[in-house]
Structures are given as C-alpha cells and as structure tokens.
Amino acid sequence: MSEAILLVGGRGTRLRPLTLTTPKPLLPVAGVPVTVHQIERARDAGVTRVVLGTSYRAEVFAERLGDGRDLGVEIAYAVEDEPLGTGGAIRNAAELLTCAPGDPVMVLNGDVLSGVDYAALVEGHVSSGAALTLHLTRVADPTAYGLVPTDGDGRVLAFREKPQTPEEIVTDQINAGCYVFTRAVIGEIPAGRPVSVERETFPDLLARGRVVRGVVDDAYWLDLGTPWDFVRGSCDLVLGVAPWRGHEPADSLVQTGAQVDDAAVIGGGTTVGHDARILGDAVVEGSVLLDGCVVEAGARVMGSVIGAGARVRGGATVVDSVVGDGAVVEAGNELRHGARLWPGVVLPPTSVRFS
Ligand code: GDD
Ligand code: MG
C-alpha cells in the first residue's frame, strides 16, 4: 500500500466560529491538526504519498503542510475551483495518483480521529477482490451519519445517508469515513461535476452488483464535526483514550510558551496552546485553549474552546461553549449550553447573577 486521498474541502459550518479562521482539518486537536494525526497514522500503516482533496481555503493547507517532508510522506494538492462534494473530490484527487488501476487507494474523511487498523483494512480489501471496502463503526445515535447495514459475510446491503425517519434507522453501523477503493473504481465516478460518494457513488456500485464490503470494529472513533466533539477528541488524545503513538497519557498538555500559574487548576485533558496564559487561581477543565488566549484569575472554563487571543476575565464562567478568536468575556458573564461567541466580540461586564 502506498497512496491515500484525504478529503479536506468541507466548509465546517457546524464548527463555526472556529472554522471562520481555520479550516476544520487544520484545527489543532491536542495541539496538532487532525489532518496531521491522520497522516501520521496512515504513514505508520505504510502510506508514502497523500493527495489532499482541497476546496475551501485550499491555500492554507500547503502553507501548513508543505510537501509533507516533515511528516515523512509526499503530499500533493488537488484543488477544486468549486466544491465537488465528496465523490467529485475523490475523482479530482485521483488525477494525481501514481498507482496502477488494480491497486488499493485509501480515502479518508479529513475530520475523523480513529484507531482503525488501516493496514488490515487494505489487506482485507485486496484479498477479497472487492471494488470498495468501508470501515464501519457503531454509534448510539446514527442519525447524523451514513447508515450501512451489512449481511453475515460483511457484504454491504444498503446506504442510508443522514436518515430522516425512525423507519430508516435499520442499523447502528455507520460509515466511519475511511474507504479502500480499487483505483479503477474511482475512475468510474463522473468527472467535472459535484458528486456525493455517500448518496450517489456507493448506492450506484451496489445497484451494479459490485462487491462492497463493510468492516465493523470497536476501535476508537470520533467525527470532529461539532465543537463538543472537537473538544472531546482533543481531550481524549491528551488523556490517552484516543490512540496517539509516542504520546504519554496526561491530565493536560501545555504547549511551548504557555504560562500556567501555580494556583491554577487544570485537567480533564485540557490543551493549553502556545503562548496562552492561565492566571492565578483560574480553573480550566476538559477544554481547548488556543494560542495566545488568556484565562484570568477567578475565571472558570469547562468543556469549552477558547479561541486564539481571546480573553476570559476573572469572575466569568464558560461551560460547554465556544469563545471565538480575539473575543472577550468580561467579568460576571456566564456562557453555557453551547453558546458561541463570534471572533472579536466583547461581552460587556455584568453584575446580573445567574442561578
Ligand atoms: N475536497 C472536498 N470537496 N472535500 C469535501 C467536500 C468537497 O466538496 N465536501 C466535504 N468534504 C470533506 C470534508 O472536509 C470532510 O473531511 C469529509 O469530506 C466529510 O464531510 P463532512 O461534511 O464532515 O460529512 P459528515 O460528517 O456530515 O458525513 C460524512 O462522514 C460521516 C462520518 O464522519 C459521511 O461520509 C457520512 O456517511 C459518515 O457517516
Ligand atoms: Mg464529518
């Protein structure tokens, strides 16, 4: 195995305001872009060349990842002028593959943390002679994903993307966003127009009687599509719940240049970004503090993301919320229950008490 396609062109709307400034795949999860976590795992499984399928803010990927040398792989960039959807993106990226038509190509959604054994998935694909192999995982609530029922032999029976009615929920197995295509099969996806691999390509392969396999496992798996999952994934990596080779599990991860005062209490897998500061007796639990933000003495932050350069003043509380880059939460405010403060917004001081 040697080549993979990484899909990184989505707009990440559910992660706004974080994705207003940084594309979702480059948001730091435990201080490292999720794309980098994925490339490192793919490299460890034998991938030597990665084609990034980019669309939204394509240029920042090349600025951040370069030619891949630092990561020990070769990176090529396929750019879509207009977003081509997941299938169109795979088709477009395949133009830059160098492997033979019969070779396996791994394709990864760019926003997933997973412990699946990539190499075993590819081996199984090759030995089965399938057109397509999908990694499947089980989730409690599959409604936000693509449902993929299989028979006793692991043959895929149907695809139901984002089911709308209870009758459509026929399984708890979902598409985990990791595929192995035989390269020639990618060539069957129409070129030059938007295509959804989940709604068009996969059902079409089934309709044409091609062998599509689903491999279910219990490995760690998380789609980082929402701020809460993004925070969860970051903390899981730091705590050692999610796989991260070479990382020693810890209560928190403090990046270079950051300051955490002695009286401060931090834990729950919190990452403190470069040059961020946690002052005095501030309490930060299970959160992601991006570079250069400040949590002042007397502030409390839990289960939240504090954007780059943002400030949480003493006497403010932020729980399960997102503070955008450069925003300021002045004293007395409480952000809770999924509140999202847009970049640069200043929440003025308040003396109103919340119960
Ligand atoms: N290049 C490119 N162009 N990439 C795209 C485009 C596009 O037009 N649209 C989406 N992507 C990328 C996103 O950046 C992401 O990495 C991946 O394709 C999947 O898009 P999401 O927007 O994250 O989809 P989802 O999470 O709602 O659903 C998908 O993933 C689930 C698992 O996480 C589907 O594949 C579901 O079936 C699946 O269960
Ligand atoms: Mg997703």
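Conventions adopted
- Residues numbered from 1 in each chain as written.
- Chains lettered and ligands numbered in written order.
- Predicted model: local features only at pLDDT ≥ 70, side-chain atom pairs only at ≥ 80, totals over all residues.
- Heavy atoms only, no water.
- Helix = DSSP H or I, 4+ residues; strand = E, 2+ residues; numbered from the N terminus.
- Buried < 20%, exposed > 50% of the residue type's maximum accessible area, 1.4 Å probe, protein only.
- Contact = heavy atoms within 4.5 Å.
- Areas by Shrake-Rupley, 256 points an atom, 1.4 Å probe, with all protein chains shown as cover.
- Lys, Arg positive; Asp, Glu negative; His and termini not counted.
- Charge placed at Lys NZ, Arg CZ, Asp CG, Glu CD.
- Near = heavy atom within 4 Å.
- Polar contact = N/O pair within 3.5 Å; in protein donor to acceptor, adjacent residues only side chain to side chain.
- Nonpolar A, V, L, I, M, F, W, Y, C, P; charged D, E, K, R; others polar.
- Phe/Tyr/Trp six-rings, centres within 6.5 Å; stacked < 30°, edge-to-face > 60°.
- Donors = N, O, S within 2.8 Å, 3.2 Å for Na, K, Ca; no water.
- Domains from an automatic or database assignment.
- Buried area = accessible area lost by both parts, 1.4 Å probe.
- Salt bridge = Lys/Arg side-chain N within 4 Å of Asp/Glu carboxyl O.

### Describing the overall build of the protein
Here is step 1 of the chain: The helix and strand inventory of the protein stands at eight helices and 30 strands.
Here is step 2 of the chain: Considering only C-alpha atoms, the protein reaches an extent of 65 × 50 × 40 Å along its principal axes.
Here is step 3 of the chain: A buried classification covers 52% of the 355 residues belonging to the protein.
Here is step 4 of the chain: The contacts in the protein between residues at least 6 apart in sequence include a share of 51% that link residues at least 24 apart.
Here is step 5 of the chain: Carbon and sulfur atoms form 50% of the exposed surface of the protein, whose accessible area is close to 14600 Å².
Here is step 6 of the chain: Between the averaged position of the 30 positive side-chain charges in the protein and that of its 45 negative side-chain charges there is a distance of 3 Å.

### Points about the site of ligand 1
Here is step 1 of the chain: Taken together, 26 residues lie near ligand 1, and Glu80, Gly110, Asn175, Glu198 and Asp223 sit nearest.
Here is step 2 of the chain: Contact between ligand 1 and Gly10: an oxygen atom at 2.8 Å from a main-chain N or O atom of the residue.
Here is step 3 of the chain: Across the complex, the protein chains shield 90% of the 740 Å² of accessible surface that ligand 1 would expose by itself.
Here is step 4 of the chain: Considering every element that reaches the shell around ligand 1, the biggest residue donor is helix H4 (residues 85-94), with three residues.
Here is step 5 of the chain: For the shell around ligand 1, the residue count by class is nine nonpolar, nine polar and eight charged.

### Some points on the packing of aromatic side chains
Here is step 1 of the chain: The full count for this structure, using the stated rule, is five aromatic pairs.
Here is step 2 of the chain: Ring geometry for Tyr145 against Trp221: centres 5.6 Å apart, planes inclined by 70°, an arrangement best described as edge-to-face. One end of the pair, Tyr145, is in the loop between strand E8 (132-138) and strand E9 (146-147); the other, Trp221, is in strand E13 (residues 221-223), with 76 residues separating them in the sequence.
Here is step 3 of the chain: Taking the centre distance of 5.0 Å and the plane angle of 80° together, the rings of Tyr179 and Phe202 count as edge-to-face. You can see Tyr179 sitting in strand E11 (residues 173-182) and its partner Phe202 sitting in helix H7 (residues 197-207), a full 23 residues away along the chain. With respect to burial, Tyr179 and Phe202 carry one shared label: buried.
Here is step 4 of the chain: An aromatic cluster is built from Phe159, Tyr179, Phe181 and Phe202, whose rings are joined through pairwise contacts.

### Focus: unusual backbone geometry
Here is step 1 of the chain: Cis rather than trans, the peptide bond between Arg16 and Pro17 has omega equal to 10°.
Here is step 2 of the chain: Topologically, Pro17 is positioned in the loop between strand E1 (3-7) and helix H1 (18-21).
Here is step 3 of the chain: We note that Asp275 has phi near 60°; this positive angle belongs to a residue other than glycine.
Here is step 4 of the chain: Among the secondary structure elements, Asp275 is positioned in the loop between strand E17 (270-272) and strand E18 (277-278).
Here is step 5 of the chain: Residue classification places Asp275 among the exposed residues on the basis of a relative accessible area of 51%.

### Considering the coordination of the magnesium ion (ligand 2)
Here is step 1 of the chain: Summarising the metal site, the magnesium ion (ligand 2) is bound by the protein donors Asp111 (OD) and Asp223 (OD), whose distances to it range over 2.1 to 2.4 Å. Of this pair, Asp111 sits in the loop between strand E6 (104-109) and strand E7 (112-114) while Asp223 sits in strand E13; the two residues are 112 residues apart in sequence, bridging distant segments of the chain. Take Asp111 and Asp223: they sit in the same class, and that class is buried.

### Looking at the domain arrangement of the protein
Here is step 1 of the chain: Taken domain by domain, the protein consists of domain 1 (3-227) and domain 2 (250-354).
Here is step 2 of the chain: Put simply, the middle of domain 1 and the middle of domain 2, counted by C-alpha atoms, are 33 Å apart.
Here is step 3 of the chain: On the domain 2 side, the residues contacting the 11 residues of domain 1 number 13 residues.
Here is step 4 of the chain: Carbon and sulfur atoms supply 70% of the area that domain 1 and domain 2 bury against each other, a total of about 920 Å² over both sides.
Here is step 5 of the chain: The three residues of domain 1 that bury the most area against domain 2 are Pro17, Leu18 and Pro227, which together make up 44% of that side's buried surface.
Here is step 6 of the chain: Between the two partners, domain 1 and domain 2, sit zero salt bridges.
Here is step 7 of the chain: For the pair domain 1 and domain 2, the interface holds three residue pairs in polar contact (both at pLDDT 80 or more).
Here is step 8 of the chain: The element contributing the most residues to the side of domain 1 that touches domain 2 is H1, with three residues.

### Overview of the environment of Glu296
Here is step 1 of the chain: Mapping Glu296 onto the fold places it in the loop between strand E21 (294-295) and strand E22 (300-302).
Here is step 2 of the chain: C-alpha separation for the pair Glu296 and Val283, spaced 13 residues apart in sequence, amounts to 9.3 Å.

### Digging into the pattern of salt bridges
Here is step 1 of the chain: For the structure on display, the rule yields 19 salt bridges.
Here is step 2 of the chain: For the salt bridge of Arg91 with Glu95, the shortest nitrogen-to-oxygen distance reads 2.9 Å.
Here is step 3 of the chain: Arg91 gets classed as buried once you look at its relative accessible area, which sits at 19%.
Here is step 4 of the chain: Residue Glu95 is classed as exposed on the basis of its relative accessible area, which comes to 54%.
Here is step 5 of the chain: Among the salt bridges present, the one from Arg311 reaches Glu296, with a minimum N-O distance of 2.9 Å. Remark: Glu296 occurs in the loop between E21 and E22 and Arg311 occurs in strand E24 (residues 311-312); sequence separation between them is 15 residues.

### Focus: the side chain of Thr54
Here is step 1 of the chain: Counting through the fold element by element, Thr54 comes out in strand E4 (residues 49-54).
Here is step 2 of the chain: For Thr54, a relative accessible area of 0% puts it in the buried group.
Here is step 3 of the chain: In contact with Thr54, other than residues within four places in its own chain, are Val8, Gly9, Phe61, Tyr77, Ala78, Val79 and Glu80.

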